[in-house]
Amino acid sequence: MPRLLPGLRAAKIGAWFCLFCLICARAGAQAPSLTIDRSAGPARIGINGNIGAAYTLENSTNLASGAWDFLLTAPLTNSLQTWFDSASMLAPRRFYRARRLDSLPVEYADDFSLIDHLGRSQSLYYHSLNPNVRAIVLIFTGNGCATIRDMIPAIKSLTNQFAPQRVLFWLVDSYPQDNRSNILAEAVSLGISNGPPILHDAAQLVGRAYNASTASEVVAVSTADFSIFYRGTIDDRIGSNTVATTQSYLSNALAKFLAGGVVSPTATRPAGCTIPFSPRFTNLLYSTDIVPLLEAKCARCHNPGNIASWAMTNYDIVRQFAPSIREEVMAGRMPPWKADPYYGVFTNDYSLTPDEARKLVQWIDAGAVKGPGEPDPLATFSPPTNYPYAWPTELGPPDAILRIPPQSIPASGVVGYRYLNVTNTSFSSNVWLRAAVVRPTNTRVVHHGLVFDGSSSGTGLDGFFAGYVPGADATAFPTGTGKYLTNNQILQFQMHYITVGTPQTDQTEIGLYVMPVPPTRPLLTRSAFNVTFSIPGNAGDFQAIAKFPSPPIFNPGSNPTLTTNILVYEMSPHMHLRGGRFKYEIIYPAGHVPATEVILSVPSYVFHWQSMFRLAQPKYIPTGSRILCTAAWDNSAQNADLMQAYADTGFDPNYSPSRTLGFGEQTYDEMFIGYINYAEVP
């Protein structure tokens, strides 16, 4: 930035002393100057300069301190541009200066994904290809902030005005003491429970990444390139009400942006309640703070010979991928655990806690440094190759292995489902199994492999025995349960293969692990399913329901209930590329308190990583209840997985978002199955 001119001009206006610091102008340019006008009450500060030049306007109440406070940054759209300083009404004296900028900096918005107060996932970059969204306005908030309460009418008015012009408004709660329950309660009390969405920034990653400092601070983002075109205050009111001189900064910025004009100012001083950020971690060390976290939550997949695309073998490679790690954590893609933490506790939850995420991102933001002489535990960390490339290490070698005949998969085209029967002749008598693990020998081409009791229909809806899908954990059956396998029992493999451009082979197998004694309860696998839905073309959030127990085919609108008490151990939602979200909810008998209860919500379903969610405490569900599954599909051009498949297949119309589709076996069709592993109990 250029130096300030040594010449200063001071003016006394009433009880106000204002210092005008003139800014050095380039040769041949108009010499800039500051003006002041107090006729309207608050000081109206003006900058007289070249159109297009950008300035930062600052004020001070004590020149001796040398401290200047930010007021705004603006490119001039007129040779004389003025703004009111509303806070000047509260100060005994005030000095001003303007600093000319060499250029107006461009700031870009980090991608992120958060869950809102209604349990929906909101992802910023999801809207990069959304023709119905031109801008997203983030409004930072927190429970109990008086400024937010004062601003609610303005937020509602802005939403009503600009939502029809393709602007989204998201509130982001970064207060560490807030949780989803009290965020929802606050939304109800403020009359905004139906919108705009309030996103819970539990780890404060978004608040820190966006340098937010106060509740009511706004950041306006263009979805064309995710540049930030305005940040600061909604308006400059003092108190709860606006006055004649109140400047509607956000409204004006949105109007200019939508009209294709120059937004000015681009930044203003935020006002409101200070966001109480958790203290930063001190003395973070790579070897003792970061490596244990990576080993516990990341290296299970990011190791040589396993499913991740790169291996965490030492510090150098972690540092190389540090920006990518930060991006994946912020966007909610890694670790790939998609259960909403508000509902249920799961034994196989490998997500980052808010503190772990905060620690990891802070370390990366600080340069991902390993101190001089600090050891590198990752260099000696070598977990064994694990499932699906080997039998699960926690289970060991199976007692018996059954294999399908070798399968040849063509280089291209659509491969129909293959149903292959294998007879169990591994044991001399009937046995109880503590685990059954399906393992493909070629994960590139095995979309999924499911194994059923051969006497069942083999449709995926009943008689399920074991299965493999990308992302599946291979573990023992829940404690106290097992599955019965008879001698000479036929097991039917349902194999779904995909083509990868070259001929391939596979011989998927099932490993059988015998229990020494019979279990307390047989483990049953059933599902809530729906095969009659029809998803419209270009539908971004099409919803349907499925029930367990399932209604009779002749009466799909009925609501049958459980005829026995059950213990639910695990749940596994299944959809295809257009899958968006999935929820399991108990509907209890009349008179039960509560009447309903959500036991699993997956607000951002990922087809390429399908998890089985095992409850830490099995859920008891009484006779007379039922389980309602709610699913929604994203059949739109904003669905990145769908559009990637559309492009990869040479724009096969089956993958087009304009297609209307229903239940079908192939990836380009859809499914709606909510698997449930449970036992019947007295």
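Residues numbered from 1 in each chain as written. Predicted model: local features only at pLDDT ≥ 70, side-chain atom pairs only at ≥ 80, totals over all residues. Heavy atoms only, no water.

**Q** What am I meant to see in the overall build of the chain here?
**A** Each helix and strand in the chain was counted, giving 8 helices and 39 strands. Counting only C-alpha atoms and orienting by the principal axes, one finds that the chain spans roughly 105 × 65 × 45 Å. Expressed as a percentage of its 682 residues, the buried residues of the chain come to 52%. Sequence-distant contacts, at least 24 apart, represent 75% of the contacts inside the chain between residues at least 6 apart. Total accessible area on the chain stands at roughly 29100 Å², and carbon and sulfur atoms take up 54% of it. Taking the average place of the 48 positive charges on the side chains of the chain and the average place of its 49 negative ones, the gap between the two points comes to 7 Å. (Helix = DSSP H or I, 4+ residues; strand = E, 2+ residues; numbered from the N terminus. Buried < 20%, exposed > 50% of the residue type's maximum accessible area, 1.4 Å probe, protein only. Contact = heavy atoms within 4.5 Å. Areas by Shrake-Rupley, 256 points an atom, 1.4 Å probe, with all protein chains shown as cover. Lys, Arg positive; Asp, Glu negative; His and termini not counted. Charge placed at Lys NZ, Arg CZ, Asp CG, Glu CD.)

**Q** I tried to follow the sheet that holds strand E21 (residues 418–423) on my own but got confused; where do I start?
**A** Pairing between the strands of a sheet comes from backbone hydrogen bonds, and it takes one of two forms, parallel or antiparallel. The strand order E21-E26-E23-E24 describes an open sheet built from 4 strands, whose pairing is antiparallel. In the strand order of this sheet, the two ends are held by E21 and strand E24 (464–468), each with one partner. With direction set aside, neighbouring strand axes in the sheet form an average angle of 20°. (Pairing = 2+ DSSP bridges. Axes fitted to C-alpha atoms, helices over the stretch in contact; angles between N-to-C directions.)

**Q** I keep staring at the layout of surface pockets and nothing clicks. Help me out?
**A** The probe, sized like a water molecule, is rolled over the atoms to show the empty space still left. Estimated volume of the second largest pocket: approximately 970 Å³. Lining the second largest pocket are 37 residues, with Ile115, Ala339, Pro341, Ser351 and Leu352 positioned closest to its centre. Put simply, the parts of the chain that give the lining of the second largest pocket at least two residues each are strand E9 (113–115), helix H3 (205–209), helix H6 (315–330) and helix H7 (354–365). No other element matches the 3 residues that E9 contributes to the lining of the second largest pocket. Per-class residue counts for the lining of the second largest pocket are 22 nonpolar, 9 polar and 6 charged. (1 Å grid on protein atoms, 1.4 Å probe; cavity = no way out; pocket = protein on both sides within 12 Å on 5 of 7 lines; lining within 4 Å. Points joined across faces, edges and corners; volume = space filled by probe spheres on them. Nonpolar A, V, L, I, M, F, W, Y, C, P; charged D, E, K, R; others polar.)

**Q** Help me understand the packing of H6 against H7, please; the structure alone is not making it clear to me.
**A** Each pair of packed helices gets described by two things: the angle between the helix axes and the distance between those axes. At their nearest, the axes of H6 and H7 sit 10 Å apart, and the two run at 120° to each other. Between H6 and H7, the crossing angle belongs to the class labelled oblique. As H6 packs across H7, the resulting crossing turns out to be left-handed. Two secondary-structure elements touch here, H6 through Tyr315, Val318, Ala322, Ile325, Arg326 and Val329 and H7 through Ala357, Leu360, Val361, Trp363, Ile364 and Asp365. Classifying every residue of the contact of H6 with H7 by side-chain character gives 10 nonpolar, no polar and 2 charged. (Parallel < 35°, antiparallel > 145°, perpendicular 65-115°, else oblique. Left-handed = near helix turned anticlockwise from the far one by under 90°.)

**Q** Teacher, can you tell me more about helix H5 (residues 286–297) here?
**A** For an α-helix, the turn length of 3.6 residues means that residues three or four places apart are oriented alike. Over its 12 residues, H5 extends 15 Å from the first C-alpha to the last, a length consistent with the 16 Å expected when each residue adds 1.5 Å. Listing the buried residues of H5 in full gives Tyr286, Ser287, Ile290, Val291, Leu293, Leu294 and Lys297. If you follow the buried residues of H5, they end up packed against H6 and H7. (Expected span 1.5 Å × (residues − 1).)

**Q** In this structure, what is going on with the state of the cysteines? I would like to understand it.
**A** Working definition of a disulfide: a covalent bond connecting the sulfur atoms of two cysteines. Counted according to the given criterion, the structure contains 1 disulfide. Of all cysteine sulfurs, the one in cysteine 298 lies closest to cysteine 301, which takes part in no disulfide; the gap is 9.0 Å. Assessed through its relative accessible area of 12%, cysteine 301 is described here as buried. (Disulfide = S-S within 2.5 Å.)

**Q** Just checking my understanding: could you explain the packing of H5 against H7 for this structure?
**A** Packing of H5 against H7 leaves a shortest axis separation of 11 Å and a crossing angle of 125°. Considering their axes alone, H5 and H7 lie oblique with respect to each other. You can see that H5 and H7 cross each other, and the crossing is left-handed. In this structure, H5 uses Tyr286, Asp289, Ile290, Leu293, Leu294 and Lys297 to contact H7, whose residues at the interface are Glu356, Lys359, Leu360 and Trp363. Residues that form the contact of H5 with H7 fall into these classes: 6 nonpolar, no polar and 4 charged.

**Q** Quick question: what am I supposed to make of the confidence of the model for the chain here?
**A** Predicted coordinates in areas of low pLDDT are best not read in detail. For the chain, mean pLDDT is 92; residues scoring 70 or higher make up 94% of the total. When the criterion is pLDDT under 50, residues 1–29 qualifies, and its contacts beyond four places in sequence or with other chains add up to 75 contacts. (pLDDT = per-residue confidence, 0-100.)

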